[in-house]
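Listed here are the chains, written in short residue letters.
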Amino acid sequence: MRQFQSFSTTERNTLSKAHKGPSLSEIYAEPENFLEIEVIDPKTHIPNPNDTRGMFTDYEIVCRTNLPSFNKRISRVRRRYSDFEFFRKCLVKELSLMNHPKVVIPHLPGKILLTNRFNNEVIEERRIGLNKWMQSVAGHPLLQLGSKALVRFIENEKFEG
């Protein structure tokens, strides 16, 4: 006479590995293709302590990726708002040359009035806006895989277009 086995024991013994869920190492493994980007750590620079002219704020862009179109897995660069403006113009031009009229590059967060420009709350609001904008742009599949301007903006210490 056969020994009794519960259904759960029988099922566990007979299901193939293909039917079982992923292992913990598979669940927590690095995804096949990813790009994580953040705009963080705004810093206001005062070139001449006796004169506020020339003051500017820049932001750190941190990128982690394993996409083959990028040269570095991790990069950190600092960019001013004017660099973001120039980068946007370069993207628009690059897309027009690549004949991708359906890719729309969103507008940057607005300019800050001169009187409030170095207020911490205003700077943080701009950082949040730039972070959303950067994630939107870098998250676009066509730009991730085909934009040389995106790679240069994220990886090169100095962005020259």
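Residues numbered from 1 in each chain as written. Predicted model: local features only at pLDDT ≥ 70, side-chain atom pairs only at ≥ 80, totals over all residues. Heavy atoms only, no water.

A word on the sheet that holds strand β1 (residues 35-45). An order of β1-β2-β3 is seen for the three strands of this open sheet, with the pairing classed as antiparallel. In this open sheet, the two edge strands, each paired with only one partner strand, are β1 and β3 (74-80). Between one strand axis and the next, the sheet turns by 20° as a mean value, whatever way the strands run. Taken together, the seven bridges between strand β2 (residues 56-65) and β3 define a ladder with antiparallel strand orientation. Bridge pairing in β3 links Val-62 to Arg-76. Where helix α3 (residues 81-97) meets the sheet, it contacts β1, β2 and β3, and its direction lies at approximately 105° from that of β3. On top of the sheet, helix α6 (residues 148-155) reaches β1, β2 and β3; it is set at about 90° to β3, its chief contact. (Pairing = 2+ DSSP bridges. Helix = DSSP H or I, 4+ residues; strand = E, 2+ residues; numbered from the N terminus. Axes fitted to C-alpha atoms, helices over the stretch in contact; angles between N-to-C directions. Contact = heavy atoms within 4.5 Å.)

Below, the discussion takes up the packing of α3 against α6. At a minimum axis distance of 9 Å, the contact between α3 and α6 shows a crossing angle of 160°. Comparing the axis directions of α3 and α6 gives the class roughly antiparallel. Between α3 and α6 lies a crossing whose hand is right-handed. Packed against α3, whose contacting residues are Asp-83, Phe-84, Phe-87, Cys-90, Leu-91 and Glu-94, the element α6 presents Lys-148, Ala-149, Leu-150 and Phe-153 at the interface. Class assignment for the residues of the contact of α3 with α6 results in seven nonpolar, no polar and three charged. (Parallel < 35°, antiparallel > 145°, perpendicular 65-115°, else oblique. Left-handed = near helix turned anticlockwise from the far one by under 90°. Nonpolar A, V, L, I, M, F, W, Y, C, P; charged D, E, K, R; others polar.)

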